[in-house]
Amino acid sequence: MISRRKWVQSLGIAFGATLTSKAYPVAGYERETPKQNSSHAGLPLSEYQPKSMLHVRETRVERARFPLIDIHTHISVSANSEHGVDIGAERNYLGTPEELLTVMDRKNIRSMVNLTGGFENGLTDVISRYDQRFPDRFYSFAEPSYARFLEPNYPRLQAEAIETAHRAGAKGLKILKTLGLYLRENIISGKLVKIDDARFDPMWDACGQLNMPVAIHVSDPIAFFTPTDRYNERYEELNNHPDWSFYGHDFPSNAELLDARNRVFARHPKTQFIALHAGNFAEDLGHVSESLDHYPNMSIDIAARIGELGRQPRTARRFFDKYQNRILFGTDATPHGDETPQQIFNDKLYEIYYRFLETGDEYFDYAPANVPPQGRWRIYGIELPEAILKKVYNGNAARLLNITV
Ligand SMILES: [Zn+2]
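Conventions adopted
- Residues numbered from 1 in each chain as written.
- Predicted model: local features only at pLDDT ≥ 70, side-chain atom pairs only at ≥ 80, totals over all residues.
- Heavy atoms only, no water.
- Buried < 20%, exposed > 50% of the residue type's maximum accessible area, 1.4 Å probe, protein only.
- Helix = DSSP H or I, 4+ residues; strand = E, 2+ residues; numbered from the N terminus.
- Pairing = 2+ DSSP bridges.
- 1 Å grid on protein atoms, 1.4 Å probe; cavity = no way out; pocket = protein on both sides within 12 Å on 5 of 7 lines; lining within 4 Å.
- Points joined across faces, edges and corners; volume = space filled by probe spheres on them.
- Nonpolar A, V, L, I, M, F, W, Y, C, P; charged D, E, K, R; others polar.
- Salt bridge = Lys/Arg side-chain N within 4 Å of Asp/Glu carboxyl O.
- Donors = N, O, S within 2.8 Å, 3.2 Å for Na, K, Ca; no water.
- Contact = heavy atoms within 4.5 Å.
- Axes fitted to C-alpha atoms, helices over the stretch in contact; angles between N-to-C directions.
- Arc of directions from axis to C-beta.

Caption draft 1: Main features of the pairing of strand β6 (residues 109-114). Within β6, six of the six residues are buried, leaving the element largely enclosed by the surrounding structure. Here strand β1 (residues 68-73) pairs with β6 via four bridges, running parallel. Its bridge partner lying in β6, Asp70 is registered against Met112. Bridge count for β6 against strand β7 (residues 138-142) is three bridges, and the pairing is parallel.

Structure below.
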């Protein structure tokens, strides 16, 4: 069998426009002499869009088998942020409820949870526009107001803000990766604030007391913590979004971030945490399993990680069997978010998730895009039985949100 690298070289494919195979000999592999008659020598990787010649079953799943709760969407976002920190309560809206409901009804989406509901009057505005106008179709989560971080009584203020948000109708608290990767001692300057910083303890406790789950995004794909070079399996994605790289500078490692997160889980056993993006370590489900085993107050969602779960379908299936009561359906859907095809809110996106969860289809795209946006591979369905599907689609989320479906 020809090695993948040799095969790539033989096509003359190279990373980026400047690095051609000619200029880029690889240690340990013999270079093949480029064919003189090849008109494709030097084809940039960005232009390579291979079409699979495989003939296997293709199933279109237009509607989810059960009404679902999408626990991870972004309908509103902060209008102002600086260096990754949201400053100010004002919100931008990415889709009207009416526009979203058309797709929701077609796809059997009972409810969308808008995680980035914000804080203060931004949050109450979101709740009145969506949650209150269309009860049970939209739920909103609150976010911390880091803009007040420098106020001397911030820990108490932030805990009180959770109570106020709860009274206003917020269903939970969302923590973006801001905590751990952007928030600094002087908000946007100084040392990075640690995820388990004691100043947030009253906030985590308030969520526990009020039965508000905390949806927490910590760290990012492990490849984002390694150099953006020819060995990086998400090279193209990082090349498209250089600011997503957390390699170098003063960024903590992925392990340090996850350890700090787990210390929060341990210190606040009465608070329910939803570790987003497959526990933020979909590349290592063994690690996620260990955390789930250690912390009974931890659940996960699968948002923007079917690309990872679906390339390890047998491991993923065993994982779903074992943790079927703690996995929530989520997509990271963002209306009109055309920069990231894996999360644009539309029919196609949901059909791919349904296909992954419900069918045994093989080798299909995990995102509606010409080039797989999170790494050049395809995925396999895991054919969940109905009992598990139902829990993942709505049962587990309903329990955490204290609602009945
Ligand atoms: Zn998200």
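Moving on, there is more to tell.
Caption draft 2: Up close: the layout of surface pockets. Each pocket or cavity is described by its volume, and for the second largest pocket that value is around 1,100 Å³. Forming the walls of the second largest pocket are 38 residues, and the residues nearest its centre are His74, Leu176, Lys177, Trp244 and Gln343. In the lining of the second largest pocket, the residues fall into eight nonpolar, 17 polar and 13 charged.

Caption draft 3: Just the pattern of salt bridges, in detail. Within the structure shown, the criterion is met by 31 salt bridges. In this structure, Arg133 engages Glu98 in a salt bridge whose closest nitrogen and oxygen atoms are separated by 2.5 Å. One end of the pair, Arg133, is in the loop between α3 (120-131) and β7; the other, Glu98, is in helix α2 (residues 97-107), with 35 residues separating them in the sequence. Glu98 sits in the partly exposed class, given a relative accessible area of 39%. Linking Arg234 and Glu308 is a salt bridge whose minimum nitrogen-to-oxygen distance equals 3.0 Å. With a gap of 74 residues between them, Arg234 in the loop between β9 (214-216) and α7 (235-240) and Glu308 in helix α11 (residues 306-309) connect regions that are remote in the sequence. Each member of the pair, Arg234 together with Glu308, is buried.

Caption draft 4: Main features of the coordination of the zinc ion. Protein coordination at the zinc ion: the donors are His72 (NE2), His74 (NE2) and Asp332 (OD), at 2.1 Å from the metal. Read in sequence order, the donor residues for the zinc ion give the motif H-x1-H-x257-D. A residue is classified by how much of its surface remains accessible, and His74, at 9% relative accessible area, is buried.

Caption draft 5: Quick look at the sheet that holds strand β10 (residues 273-275). Ordered by their spatial adjacency, eight strands build an open sheet running β1-β6-β7-β8-β9-β10-β11-β12, and the pairing between neighbours is parallel. The sheet is open, and its two edges are formed by β1 and β12 (327-328), each paired on a single side. Relative to β1, helix α14 (residues 386-401) is tilted by about 70°, and along the sheet it contacts β1, β6, β7, β10, β11 (298-301) and β12.

Caption draft 6: Structural detail: empty space enclosed by the protein. For the structure on display, the rule yields two cavities of 30 Å³ or more. Lining the largest cavity, in full, are Asp86, Phe119, Glu143, Pro144, Tyr146, Lys174, Leu176 and Thr178. Residue composition of the lining of the largest cavity, by class: four nonpolar, one polar and three charged. Considered as a void within the structure, the second largest cavity measures approximately 30 Å³ in volume. The wall of the second largest cavity is formed by Arg234, Ala304, Arg305, Gly307, Glu308, Gln374 and Trp377. Its residues assigned to classes, the lining of the second largest cavity comprises two nonpolar, two polar and three charged.

Caption draft 7: Summary view of α2. Those residues of α2 not exposed but buried are Pro97, Leu100, Leu101, Val103, Met104 and Lys107. Down the axis of α2, the buried set is contained in an arc of 165°. They therefore lie on one face. Those residues of α2 that are buried lie in contact with β6, α3, β7 and α13 (347-358). Asn108 lies just past α2 and shows a positive phi near 65°.

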